[in-house]
Structure formats: structure tokens, C-alpha cells
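For reference, the chains in residue letters:
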Amino acid sequence: MNFIPYGKQWIDEDDIKAVVEVLQSDYLTTGPKIAEFESSLKKVTGAKNALAISNGTAALHCAINILDLKEGDEVITSPITFAASANSSLYYGVKPIFADIDMNTYNINPEQVEKKITELTKAIVAVDFTGQPCDYDSLRKIADKHNLVLIADAAHSLGATYKGKRVGEIADITTMSFHPVKLITSGEGGAILTNNDNFHKKAELFRSHGITRNKELMIDKEAGDWYYEMISLGYNYRLTDIQCALGISQLNKLKKFLARRREIAKKYDEAFSKLDYVITPKQLDGTNSAWHLYILKFKLKELGKTRREIFDFLKSKNVGVNVHYIPVYKLPYYQKLGYKDFQCPNAEEYYETAITIPLFPKMTDEEVAYVIEQVKKVDEV
Ligand SMILES: *Cc1c(COP(=O)(O)O)cnc(C)c1O
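Residue numbers run consecutively from 1 along every chain, following the written order of its sequence. Reporting in this predicted model follows two pLDDT cut-offs: at least 70 for local features of residues, and 80 or more for side-chain atom pairs to be given and counted; totals over whole chains, interfaces and linings ignore these cut-offs and use all residues. Neither water nor hydrogens contribute to the side-chain values; these are computed over all heavy atoms in the structure.

Focus: the overall build of the protein
Put simply, DSSP H or I for four residues or longer makes a helix, DSSP E for two residues or longer makes a strand, and each gets a number counted from the N terminus. The number of helices and strands found in the protein is 14 helices and 15 strands. Projected onto its principal axes, the C-alpha coordinates of the protein cover approximately 80 × 55 × 40 Å. Partly exposed residues are those whose accessible area sits between 20% and 50% of the maximum for their type, while under 20% is buried and over 50% is exposed, using a 1.4 Å probe and protein chains only. With 381 residues in all, the protein has 55% of them scored as buried. By the convention used here, residues are in contact when the closest approach between their heavy atoms is within 4.5 Å. In the protein, of all internal contacts separated by at least 6 residues, the share reaching a separation of at least 24 is 72%.

Brief notes about the packing of aromatic side chains
When the centres of two rings from Phe, Tyr and Trp lie within 6.5 Å, Trp using its six-membered ring, the rings pair. Their planes under 30 degrees apart give stacked, over 60 give edge-to-face, and anything left gives tilted. On inspection of all chains with the given rule, the structure shows 22 aromatic pairs. With 5.3 Å between their ring centres and 50° between their planes, Phe206 and Tyr235 make a pair best called tilted. With Phe206 in helix H7 (residues 197-207) and Tyr235 in the loop between strand E11 (229-230) and helix H8 (241-251), the pair connects residues that are 29 residues apart, well separated along the chain. For Phe206, a relative accessible area of 1% puts it in the buried group. Residue class for Tyr235 comes out partly exposed when judged on its relative accessible area of 36%. Ring centres 5.6 Å apart and planes at 65° place the aromatic pair Tyr339 and Phe342 in the edge-to-face group. Assigned by exposure class, Tyr339 and Phe342 land together as buried. Here the aromatic cluster, defined as three or more aromatic residues joined through ring pairs, consists of Phe98, Tyr329, Tyr333, Tyr334, Tyr339 and Phe342. The criterion for a charge sitting over a ring is simple: Lys NZ or Arg CZ within 6 Å of the ring centre, and within 35 degrees of the ring normal. When the ring centre of Trp10 is taken as origin, the NZ or CZ atom of Lys256, which lies over that ring, is 4.4 Å away. The aromatic ring of Tyr351 is capped on one face by Arg307, whose charged end is 4.8 Å from the ring centroid.

Some words on the packing of helix H1 (residues 13-23) against H8
As a rule, the C-alpha atoms of each element are fitted with a line to give its axis, helices using only the stretch in contact, and angles between N-to-C directions run from 0 to 180 degrees. At their nearest, the axes of H1 and H8 sit 8 Å apart, and the two run at 150° to each other. It follows from the interaxial angle that H1 and H8 lie roughly antiparallel. Considering only the axes of H1 and H8, their crossing is right-handed. For the pair H1 and H8, contact is made by Asp14, Asp15, Ala18, Val19, Val22 and Leu23 and by Asp241, Ile242, Ala245, Leu246, Ser249 and Gln250, respectively. Roughly parallel means an angle under 35 degrees; roughly antiparallel means over 145; roughly perpendicular covers 65 to 115; every other angle is labelled oblique. Crossing handedness is read from the near helix: turned anticlockwise from the far helix by less than a right angle, it gives a left-handed crossing, and turned clockwise, a right-handed one.

Describing the sheet that holds strand E13 (residues 287-288)
Between any two strands, at least two bridges found by DSSP are needed for them to pair. Strand order in this open sheet of three strands is E7-E6-E13, and the pairing throughout is antiparallel. Every interior strand has two partners, whereas the edge strands, strand E7 (165-166) and E13, have only one. Across two bridges, the pairing between strand E6 (residues 161-162) and E13 is antiparallel. Across the sheet, residue Thr161 finds its bridge partner in E13, namely Asn288.

Regarding the environment of Lys115
Along the chain, Lys115 turns up in helix H5 (residues 110-115). Counting along the chain gives 16 residues from Lys115 to Ala99, while the straight-line C-alpha distance between them is 8.2 Å.

Looking at the site of the ligand
In the region of the ligand, 15 residues are neighbours, and Gly56, Thr57, Asp153, Ser177 and Lys182 sit closest. N or O atoms closer than or at 3.5 Å make up a polar contact, with two conditions inside protein: a donor-capable atom paired with an acceptor-capable one, and, for residues adjacent in sequence, both atoms drawn from side chains. Between an oxygen atom of the ligand and a side-chain N or O atom of Ser177, the distance comes to 2.7 Å. The dominant element in the shell around the ligand, judged by the number of residues it contributes, is helix H3 (residues 56-65), at three residues. Amino acids outside the nonpolar list (Ala, Val, Leu, Ile, Met, Phe, Trp, Tyr, Cys, Pro) and the charged list (Asp, Glu, Lys, Arg) are all regarded as polar, and Gly is one of them. For the shell around the ligand, the class distribution of residues is five nonpolar, eight polar and two charged. The rule for a residue being near a molecule or strand is that one of its heavy atoms must lie within 4 Å of it.

Thoughts on the domain arrangement of the protein
Note that domain bounds follow an automatic or database assignment of domains. Taken domain by domain, the protein holds domain 1 (13-251) and domain 2 (254-380). Using C-alpha coordinates to define each centre, domain 1 is positioned 26 Å away from domain 2. The interface is formed by 40 residues belonging to domain 1 together with 37 residues belonging to domain 2. Summed over both partners, the accessible surface that disappears when two parts come together, traced with a 1.4 Å probe, is what is meant by buried area. Summing both sides of the interface, domain 1 and domain 2 together bury roughly 3,200 Å²; the carbon and sulfur share of this comes to 65%. Of all residues in domain 1, Phe98, Met103 and Tyr106 give up the largest surface area on contact with domain 2, accounting jointly for 18% of the area buried on that side. Whenever Lys or Arg places a side-chain nitrogen within 4 Å of a carboxyl oxygen from Asp or Glu, that contact is recorded as a salt bridge. In this structure, the connection of domain 1 to domain 2 is made through zero salt bridges. The interface formed by domain 1 and domain 2 includes 21 residue pairs in polar contact (both at pLDDT 80 or more). Those elements that provide at least two residues to the side of domain 1 that touches domain 2 are helix H4 (84-90), strand E3 (95-98), E6 and H8. By residue class, the composition of the side of domain 1 that touches domain 2 is 22 nonpolar, twelve polar and six charged.

See below:
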């Protein structure tokens, strides 16, 4: 069997055609495809506003920027996430505080969030890890009670639902990533979704140098057409029309992609729930995951093996295993920042035994069967 990666994009002729059309048009960037992609994102997620931005990390940077936080403020997030979820706070001297995960869903545990709240806490960055939405009813209650902004890092969960609501219309701000391993891709890409018009306006400025030509926002309302004002400090975080055209074309196929991801996850659940040495991922009532990742926890004591041995065995069989994620505060940069004694026991226990196995919509039935077969051999080697 050829190498099967843990995740991969699915690009068809129609995607290629959409990109080529832009290359032959007048606008490679800041043209009509931006607004078209943004309105597709609004339609798919139910969010009132959508802003396309250069990547998921820029989207998180933007989400923290528009809150106008002060140095020393605190933002609570999950330790089991990609570093960017916490790094976005560091850009502003804001302190990321990690609240431990729930051992069933591996998502941030609302009770642990509440325990970490102080006078300095200003926001929660909830991460829909693996594609499963967080416990948003509980998080919303906590956010409202303590006057916090609820941000969803939905890099894994485009197309997922929580109690009938779509990811994008639940949190105050939702960020997306369109990196090739994610649910849809635009090469690199990201988005900020919000129902809050004021947040959206700030995000729009942030994406493009803080510069505006909108007379309503400008101090000099009588100036000529050449005139613009820079009214805040922003970046160049624009997404190109080339990328947006790919994003639009991919978004048209999201339903198909999700259906296939869910079908594969179901096959995995059926096969692995019969094995006594693995723990399959649990789903919270009322959530419908986007299944970005499928993660198995291995009962290492029962198996008499290390995680390293299992990982290396599967890798040697061309199964593209991975580990998501090293608890963020364990990363050397965070250790240096002063997180040395920091502990989230569940996150650490989770990390010690977790292995991500391949799951992507273009995976064939044959590849799925092969992965299952190899995992079933783990206790024999
Ligand atoms: C991928 C990812 C990001 C960053 O997205 P990029 O588009 O790669 O910058 C942020 N958070 C999580 C949870 C991710 O998986």
C-alpha cells in the first residue's frame, strides 16, 4: 500500500478551472471573488458577517486585535490545540491561560474554564478539536456571567453543528482555516465570522493596514477621491482572488466532503469499538462533528507497548499517523515564558496515549480497510 497521509486536500477539474479563470481576469487580488467567497461562507455558516483573511493564524490574530485588550489581560483556551490558538494572545502581551480538557470529547471543559477566571480574564478561545463543537451552552453561560467574549477557533469544524446551530453562528467571533488538510482549502486561507457589526468593521480595517476610504469612518468627509485615512494599525492580511476562487469552488463541495468524512469515521467506530485496547472518540449529545481528525487512545498498559512503538509500527506500514497535539504550554517557548509548573492532568494523560490515523474525503474504501487492518495488528507485533 502506498503511503496514506493523515489528511489531504481533494482538488478536481472544476477547482482548477475556477482558479485559471481568475488568472485570466483583471483582478488577481482585491477583486470580486473576495466578496463572493465571503457571501458563500455566510450562506453556509449562517453568520451575519464573514471576512476572508490570509490564514487561520491571521484570523486568530485579528480576533484578539478587535477586542482591544491590555497587556496583562488573560484569555482562556485549551492546551490540546495548535499553538496559534494561544499565540494570538501573546502578540498583544495578553496571557494565555490553559483550562483542562474533558476526557470524553478532548474539548475544553467548561467547569475548568470557570475555575481559571480572574479579574483579568477577557475572553475564551474555545477550540472545536477534531471537528466536534465544544459544549457551547455551558461556555455561553460562563461568558455571559463573567462578561467575556466567546471566540471559537473552528479551524477543524466548518460544517459541524451544535444543537441544530451551525458553527459560525454560535460564538461571538469564529475563526476558520483553509489550509489543505482542513475541511476545505484555498491553499492558505482563513476567515473571521461574526454577528457583531462593530467587530466586523474592525476586522476589515485590521486586514488592510487600518486604511479606509469609507467617508463614514473618516475624519475629513469633504476630501477628494484620492484621499484615504489610516485610522488604526493593521496588516496586509488580504486573501487573493485566486485563493478565494478555489475557496468558493471547494465550499460548493463541503456537503460531499463532510458526508464522506462521517462515513469513514463510522467505519472506524464500528471496527475499533470491538478492540479492547483502544478508546474511540466520544461525541457529545447534540453535536454533529465535521470529523477533521480521527484519534485513537491506546491502552498502553494492557498492550504492554509504548505509544512510540505503536506509532512507529503504523508508520512503517505506510499509515500516516500523527499526534494532535502536544499540550501547548509544554512547547519550549511556553516553558521559557514561565509555564514550567503549569499542569493540565487530563491534557497530559490524553497526549501520552493519543494517535491520529488517516481521515480525508478522498480516501478510498480500500485505504480505510487497510488502516483498520493495520490497527488490528497492533497487539500482535
Ligand atoms: C490549522 C489551525 C490553525 C491555524 O490555521 P492556519 O491557516 O494554518 O494559519 C489554528 N488553530 C487550529 C486549531 C488549527 O488546526
